[in-house]
Amino acid sequence: MDMVRMVVGDGFLIGSCSDRPMSAQRAIWEAHDIPYDFVIPKHMLADVKAKFEADRYFHVGDREDLDKKYALEAGFEFLWPDEAAAMPWFATKDSSDA
Amino acid sequence: MATQLAPESMYRNDEGMGIWEHRGKVAAVGVGHSPTARRWDGKAETSVGAWSILALRRAIEDAGVSPDQVDGLVIVPVTTTGAFWPEDTPVPMDIVNSFNRTGDPLDGIAQLSSEWLLNNMPELTNVNFTMYGAGCMSNALNVASQAIGDGLTHTCLVLKAWHNLEGRYYQSGANAHDAIPGTAALKSLWGAPACYGTALQFAEYCRKYGKTHDMMAPFMTNSRRNGLMFPEGYWAQHRPEELTAEDYEYARWIAKPANLFDNDIPIMMAGAYLFTTAERAQDMKQKPVYILNHASSNAMPRSLTPTLDEVEAETAKTGRKIYEGAGITAADLSFENMYDGFTEFHQFHIEGLGYRGIKFGEALDFYQTDISIEGPNPVSPSGGNIGSGRSRVWLHTDSIQQLQGRAGARQVTGVKPEIAVSGGPMPLGGNYTVWSATPD
């Protein structure tokens, strides 16, 4: 959640794609007071790409068989959590906040 | 002497057996539950063995008896259906040796034996009857009921526990091999997901009766709602999330038309009861809940997966056996707690019962009416496995607690809790108990 907060307002479209119920996903974002653009079941990630125009689409996940598979099928780039943490938008913000 | 699996003669498999000879003479009194967890964290104090001991001790305390009064123990030795200990993973001997172990190091870790439990519960000094039920608490309850009625034990603990490990369910053990002997290979190794057979039956059900998967939604939301009022359950303890109709309808298919939420979530837990004679129950701490009958289905399908016709024939037969042995009719049921772990066979069970007069093909329409605990037709007030995780125990605990009047926020209010039925798992192959607030 701290990582997501770092990029809120920087032009990122933010949301979650999970096997957790959509109502539970919404509740998690709201519990952390983070504005979100979408919640979607895992297998419907392609709908996000269809709905939102963006330069690049990333999905951060931790399952080869479910997260990565669905992300690549939906035309998203896939990042493992450690790869996401190393992305420049997080790294730059992290150093400036420090 | 090694504990034996209960003989077939202890089960009431057939129609025409008449009223159960021990009707109203056996009672459930104490209930004990362990905490729940999604998976084992590798610690001794959260192992399936430790939690089993905890649940048993809580059941003894709940009943208000001293441990030396207990003379019987009926358990289910198997503690998983799909999380088998990986063959290439060493058993943690430090954990194993932190208990009074048996010759099998997996005892207390990924299975149970009565020997292991008695080794680690020295306060049980007078247990002289032990027996195994196969598979489910539903089965063990039938065994304990019959054993007490037959005079084999008078104060008997009944236990079912579950472990869950890292990794995907049903992917380990024999299923991780390249070959499995027998027809299991067709289902477990090369076959579809576990819910496939039920999904196939449900698809045929929808085709035959003109129903849709979306019509399951009220049952799903109601079950999760009830589960969130079950403080012993997984969802209430760890993820107090509602399940909306939208959540359910948009979930991904596992084996269409069975989706993610039509499958229960594997967890760790242990549940235990203290059963006794109706006479002894009078002096115990909780209100006795009397057993009016136990009945079983041992039907075998003609092929690998039962057809809808076979399912309907067998659930109808089971319903007749349940009522015949208890000396009741469907109209006497205050509520039902039939199994739901796959959700899509719950309606087969209750249609077989003729619950509230419903006939085959009518359950999904019935789900569109008031099936809440506040209404006149409660469906699965326990919330079942949907509401509290994969245990096959909630249905029984709820039935006991409802009739004792201590189901808390989950207590049914639209009906007077007098007679209930619970059991499962499968439409072909299950065990059922009829519970009553009074012995006659």
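Residues numbered from 1 in each chain as written. Chains lettered and ligands numbered in written order. Predicted model: local features only at pLDDT ≥ 70, side-chain atom pairs only at ≥ 80, totals over all residues. Heavy atoms only, no water.

A. Spatial organisation of the overall build of chain A. When its secondary structure is counted, chain A shows 6 helices and 4 strands. Taking the principal axes of its C-alpha atoms as reference, chain A extends roughly 35 × 25 × 25 Å. In chain A, buried positions account for 37% of the 98 residues. Nonlocal contacts in chain A, meaning residues at least 24 apart in sequence, comprise 42% of its contacts between residues at least 6 apart. For chain A, the exposed surface amounts to about 5,800 Å²; the carbon and sulfur share of it is 52%. The average position of the 11 basic charges and that of the 19 acidic charges among the side chains of chain A differ by 4 Å. (Helix = DSSP H or I, 4+ residues; strand = E, 2+ residues; numbered from the N terminus. Buried < 20%, exposed > 50% of the residue type's maximum accessible area, 1.4 Å probe, protein only. Contact = heavy atoms within 4.5 Å. Areas by Shrake-Rupley, 256 points an atom, 1.4 Å probe, with all protein chains shown as cover. Lys, Arg positive; Asp, Glu negative; His and termini not counted. Charge placed at Lys NZ, Arg CZ, Asp CG, Glu CD.)

B. Representation of the environment of Phe 78 of chain A within the structure. All names here are of chain A. Along the polypeptide, Phe 78 turns up in strand E4 (residues 77-79). C-alpha of Phe 78 to C-alpha of Gly 61: the two residues are 17 residues apart in sequence and 7.3 Å apart in space. If near-sequence neighbours (up to four positions away) are discounted, Phe 78 is found in contact with His 59, Val 60, Gly 61, Asp 62, Arg 63, Asp 67, Lys 68, Ala 71, Leu 72 and Glu 83.

C. Summary view of the packing of aromatic side chains. The tally for this structure, following the rule as stated, stands at 19 aromatic pairs over all chains. Centre to centre, the rings of Phe 202 of chain B and Tyr 205 of chain B are 6.1 Å apart; their planes meet at 15°, and the pair counts as stacked. Taken together, the residues span about one helical turn, with Phe 202 of chain B and Tyr 205 of chain B both in helix H6 (residues 196-209) at a distance of 3 residues. Judged by its relative accessible area of 0%, Phe 202 of chain B is buried. Put simply, the rings of Phe 12, Phe 58, Trp 89 and Phe 90 of chain A pair up and form one aromatic cluster. Seen from the ring of Phe 230 of chain B, Arg 410 of chain B lies directly overhead, with NZ or CZ sitting 3.7 Å from the centre. (Phe/Tyr/Trp six-rings, centres within 6.5 Å; stacked < 30°, edge-to-face > 60°. Lys NZ or Arg CZ within 6 Å of the ring centre and 35° of its normal.)

D. Summary view of the sheet that holds strand E11 (residues 419-425) of chain B. Residue and element names in this part refer to chain B. Taken together, the 10 strands give an open sheet; going across it, the order is E1-E4-E3-E5-E8-E2-E9-E12-E11-E10, and neighbouring strands pair in mixed fashion. Because the sheet does not close on itself, it has two edges, and the strands there are strand E1 (4-5) and strand E10 (335-338). Along the sheet, helix H1 (residues 48-63) contacts strand E2 (26-33), strand E3 (72-75), strand E5 (155-162) and strand E8 (269-277); its crossing angle with E2, the most-contacted strand, is approximately 130°. Along the sheet, helix H4 (residues 137-149) makes contact with E2, E3, strand E4 (129-132), E5, E8, strand E9 (289-297), E11 and strand E12 (430-436), crossing E8 at roughly 20°. (Pairing = 2+ DSSP bridges. Axes fitted to C-alpha atoms, helices over the stretch in contact; angles between N-to-C directions.)

E. Up close: helix H2 (residues 22-31) of chain A. Along H2 of chain A, the residues that are buried comprise Met 22, Ser 23, Ala 24, Gln 25 and Trp 29 of chain A. Contact partners of the buried residues in H2 of chain A: helix H1 (2-7), strand E1 (15-18) and strand E2 (38-41) of chain A together with helix H9 (245-250) of chain B. One or two steps after H2 of chain A, the chain reaches Asp 33 of chain A, where phi turns positive at roughly 55°.

F. Broad picture of the pairing of E12 of chain B. All names here are of chain B. Buried residues dominate E12, accounting for 7 of its 7 residues. Covered by surrounding structure in E12 are Gly 430, Tyr 432, Val 434 and Ser 436 together with Asn 431, Thr 433 and Trp 435, the residues of both alternating faces. Pairing of E9 with E12 involves 7 bridges; the strand directions are antiparallel. By the bridge assignment for E12, Ser 296 is matched with Asn 431.

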